[in-house]
Amino acid sequence: MALTLAHINTAPLAEAAALLDGLYEHSPWIAEAALAQRPFRSLAHLKHMMARRVHDAGHEAQLALIRAHPELAGKAMVSQSLTAESTNEQSKAGLTNCSPDEFEKIQALNAAYNAKFGFPFILAVRGPRGTGLTRQQIISTFERRLAHHPDFELAESLRNIHRIAELRLNDKFGVEPLLGNQVWDWQEALGAFSDPGYIEQGQLTVTYLTDAHRSAAAMISQAMRDSGFDEVTIDAVGNVVGRYQASKPGAKTLMTGSHYDTVRNGGKYDGRLGIFTPIACVAELSRQGKRLPFDFEVIGFAEEEGQRYKATFLGSGALIGQFNPAWLEQKDADGISMREAMQHAGLPATLEAIKALQRNPSDYLGFVEVHIEQGPVLNELDIPLGIVTSINGGVRYLCEVTGMASHAGTTPMNSRRDAAVAVAELALYIEQRAARDGDSVGTIGILNVPGGSINVVPGRCQFTLDLRAPNDVQRNALVSDVLAELAAICERRGVAHTAEETMRAAAAPSAPAWQQRWDAAVDSLGVPRYAMTSGAGHDAMKLHEVMPQAMLFVRGQNSGISHNPLESTTSDDIDLAVQAFQHLLTQLATETS
């Protein structure tokens, strides 16, 4: 018989500890310490409390926990001395059926890893879906993580230990993240479509109106129909629009969604998580025969990344009347204009049809968006969900410093007019200045010495500036200080500079009422409420211009890396996001009835 949370909350300490035994390998102290925090509001709350006890225990206790784990396909497996839990996990991953070459490879990796880090390699071999990684995935992950810095790898080991404990806890309680699994499976299916030149290499790239993009739109449309949406269409710019009608006609609409295009060689969750999470909510509403007192519009935006054409936020921008007619004549790297791409995709490719997409803000309650965090913050805090307070405003510049190219061997250090060193000094200033705010960021993402040579003092240095902050006043102060410092550095070093602004986007603070709804939704799950800014831009920034908006972040795996094939999350965290969205819909239904 499966455990219940009520039993854990009310049982004597020794009994409750015994019931939770085996979650953390040979480390019963973690569950015992967490039990001091009873009562637990949910399994997610219990998981978080155990993770925090590990965090608070300190370095030596963390090392001991890692070292309590067996090697993968190691001596303990061969001698059959693994715990029952580890035996089950390694068997399901097929590690007991390694070929001789695979076994030899893993042993060599074990030896190299232990020699470098001083503890065994830890991997949640059941994976982010809980159904198990392949042996090749395990070996590839092993090889990748062997290159990590020791401090980073210790943290990554602990995160995998927490994932192992999470899956074991699910088993003890007989729970399965069914809606999270469904969203996971949809995203895996969508990840099968990729542009030519990338799909052959096993890479995910879906750019605007390619055949892969159109296949992705068709798959999203089918998922909407299968989930019970009343209307599903692909509009004049390629957005996939699904509507779940209100219980009564004439009601206002809640809009949600995100984008389904990707960066080149990107991940499976950026944007797409925000499409499938609300689709799962509609699937449940339809299954239960329930209607909301408002229309629910879920949109898969066709373009957000600006990878094929210079038209970032094209999909969401068209809904607020921001479509530049000149975009239709833009050509991609192959010389295909956007108009031609639209016609190939069966879209009308006329300004009239595109202008007709503009929404009347008075018809809408607001816009909400679920998105993978795309950063390490939630992962480092062992928190599954984050409530976004604002999307950072940003300014970008294309800059150049001009000094004097000269012989690297004959020009004394105090006589140089080195353009690259001037930019290097600015980079260090940006790092310090942004850190002073606490939540501002600044990046020199491109740095180039045209015609540079190993034995020539750089006479020119081209570079970019990307400066962001959660509100425009703070951002403007950062920009002003950085540009002033650039001028001062160049004056002191006797070099010239130019700075051309190429992009300016206003910050998008979350509407207080909608942020509070996300806050209440997260709180209902029994997990910590954590407020944070978004450093990345999102479709919500565009809708923010005409209606209230607020976002919910979902923790990413692999230290939250994004715009990368390693981008990932777990079906358990996705399930929490679906539950949070369901709570928001229920709360809004109560408010608007």
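Here, every reference points to the structure presented above.
Conventions used here
Residues numbered from 1 in each chain as written. Predicted model: local features only at pLDDT ≥ 70, side-chain atom pairs only at ≥ 80, totals over all residues. Heavy atoms only, no water. Helix = DSSP H or I, 4+ residues; strand = E, 2+ residues; numbered from the N terminus. Buried < 20%, exposed > 50% of the residue type's maximum accessible area, 1.4 Å probe, protein only. Contact = heavy atoms within 4.5 Å. Lys, Arg positive; Asp, Glu negative; His and termini not counted. Charge placed at Lys NZ, Arg CZ, Asp CG, Glu CD. Core = buried A, V, L, I, M, F, W, Y, C linked by side-chain atoms within 4.5 Å. 1 Å grid on protein atoms, 1.4 Å probe; cavity = no way out; pocket = protein on both sides within 12 Å on 5 of 7 lines; lining within 4 Å. Points joined across faces, edges and corners; volume = space filled by probe spheres on them. Nonpolar A, V, L, I, M, F, W, Y, C, P; charged D, E, K, R; others polar. Axes fitted to C-alpha atoms, helices over the stretch in contact; angles between N-to-C directions. Parallel < 35°, antiparallel > 145°, perpendicular 65-115°, else oblique. Left-handed = near helix turned anticlockwise from the far one by under 90°. Expected span 1.5 Å × (residues − 1). Salt bridge = Lys/Arg side-chain N within 4 Å of Asp/Glu carboxyl O. Polar contact = N/O pair within 3.5 Å; in protein donor to acceptor, adjacent residues only side chain to side chain.

(A) Main features of the overall build of the protein chain. Of regular secondary structure, the protein chain possesses 22 helices and 16 strands. The principal-axis extents of the C-alpha atoms in the protein chain amount to approximately 75 × 70 × 45 Å. Among the 593 residues that make up the protein chain, the fraction classed as buried is 53%. Counting only contacts in the protein chain whose residues sit at least 6 apart along the sequence, the fraction spanning at least 24 positions is 77%. Between the mean site of the 51 positive side-chain charges and the mean site of the 68 negative ones, the protein chain shows a separation of 1 Å.

(B) Structural context of the nonpolar core. Met342, Trp518 and Leu585 are the most contacted members of the largest nonpolar core, which has 97 residues in total. With 10 residues, helix 22 (residues 571-592) is the single largest residue contributor to this core. Ignoring any residue separated from it by four or fewer positions in sequence, one finds Trp518 in contact with Val368, Val370, Ile387, Ala550, Met551, Leu552, Ala580, Phe581 and Leu584. Counting residues in each nonpolar core, the second largest holds 48 residues, with Ala11, Ile30, Ile66 and Phe142 among its members.

(C) Main features of the layout of surface pockets. Of the voids in this model, the largest pocket is the one considered here, and its volume is about 1400 Å³. Lining the largest pocket are 50 residues, and of these Arg396, Asp466, Arg468, Met503 and Gly537 lie nearest its centre. Among the secondary structure elements, those contributing two or more residues to the lining of the largest pocket are strand 7 (393-402), strand 9 (441-443), strand 12 (460-469), strand 13 (496-505), strand 15 (531-534) and helix 21 (539-543). The element that contributes the greatest number of residues to the lining of the largest pocket is strand 7, accounting for 5 residues. Taken as a whole, the second largest pocket encloses approximately 1000 Å³ of empty space. Breaking the lining of the second largest pocket down by element, the ones donating at least two residues are helix 9 (135-145), helix 10 (150-173) and helix 11 (178-190). The dominant element in the lining of the second largest pocket, judged by the number of residues it contributes, is helix 9, at 6 residues. Partitioning the lining of the second largest pocket into residue classes produces 11 nonpolar, 19 polar and 10 charged.

(D) Region of the structure containing the packing of helix 5 (residues 59-67) against helix 10. Where helix 5 contacts helix 10, the two axes come as close as 10 Å, and the packing angle between them is 60°. Here helix 10 runs oblique to helix 5, going by the angle between their axes. With respect to the hand of their crossing, helix 5 and helix 10 are arranged in left-handed fashion. Residues His59, Gln62, Leu63, Leu65 and Ile66 of helix 5 form the contact with helix 10, whose participating residues are Leu154, Ser157, Leu158 and Ile161. A per-class count over the contact of helix 5 with helix 10 returns 6 nonpolar, 3 polar and no charged.

(E) Layout of helix 4 (residues 43-57). Helix length check: helix 4, at 15 residues, gives a terminal C-alpha distance of 21 Å against a target of 21 Å (1.5 Å per residue), a fit within 8%. Those residues of helix 4 that are buried are in contact with helix 1 (5-10), helix 3 (29-35), helix 5, helix 10, helix 17 (377-381) and helix 22. Just beyond helix 4, the residue with positive phi is Gly58, at close to 95°.

(F) Up close: the pattern of salt bridges. For the coordinates displayed, the defined rule picks out 37 salt bridges. In this structure, Glu297 and Arg359 form a salt bridge, with 3.0 Å as the shortest nitrogen-oxygen distance. One end of the pair, Glu297, is in strand 4 (residues 295-301); the other, Arg359, is in the loop between helix 16 (351-355) and strand 5 (364-372), and 62 residues separate them in sequence. Each member of the pair Glu297 and Arg359 is classed as buried. Across the pair Arg433 and Asp437 runs a salt bridge, and its minimum N-O distance is 3.0 Å. Of this pair, Arg433 and Asp437 both sit in helix 18 (residues 419-437), separated by 4 residues, roughly a single helical turn. Of the residues examined, Asp437 reaches a relative accessible area of 28% and is grouped as partly exposed. Salt bridges linked by common partners bring Arg41, Asp519, Asp523 and Arg529 together as one network.

(G) Representation of empty space enclosed by the protein within the structure. Within the structure shown, the criterion is met by 2 cavities of 30 Å³ or more. Roughly 120 Å³ of volume is contained in the largest cavity. Lining the largest cavity are 13 residues; nearest its centre among them are Leu72, Ser86, Gln90, Leu123 and Ile164. Those elements that place two or more of their residues in the lining of the largest cavity are helix 7 (84-92) and helix 10. For the lining of the largest cavity, the element with the most residues is helix 7, which contributes 3 residues.

(H) Representation of the packing of helix 12 (residues 211-226) against helix 13 (residues 273-288) in the model. At a closest axis distance of 10 Å, the pairing of helix 12 and helix 13 adopts a crossing angle of 20°. In terms of orientation, helix 12 and helix 13 fall into the roughly parallel class. Helix 12 and helix 13 meet at a crossing whose hand is left-handed. Facing Met219, Ile220, Ala223 and Met224 of helix 12, the residues of helix 13 in contact are Ile275, Phe276 and Ile279.

(I) Seen up close, the side chain of Thr253. Mapped onto the fold, Thr253 is located in strand 3 (residues 253-259). Within the structure, the side chain of Thr253 is placed 2.9 Å from the side chain of Arg243, a separation counted as a polar contact. Leave out the neighbours within four places in its chain, and Thr253 touches Arg243, Asp295, Glu297, Asp363, Tyr364, Leu365 and Gly366.

By themselves, these figures tell us nothing about what the structure is for.
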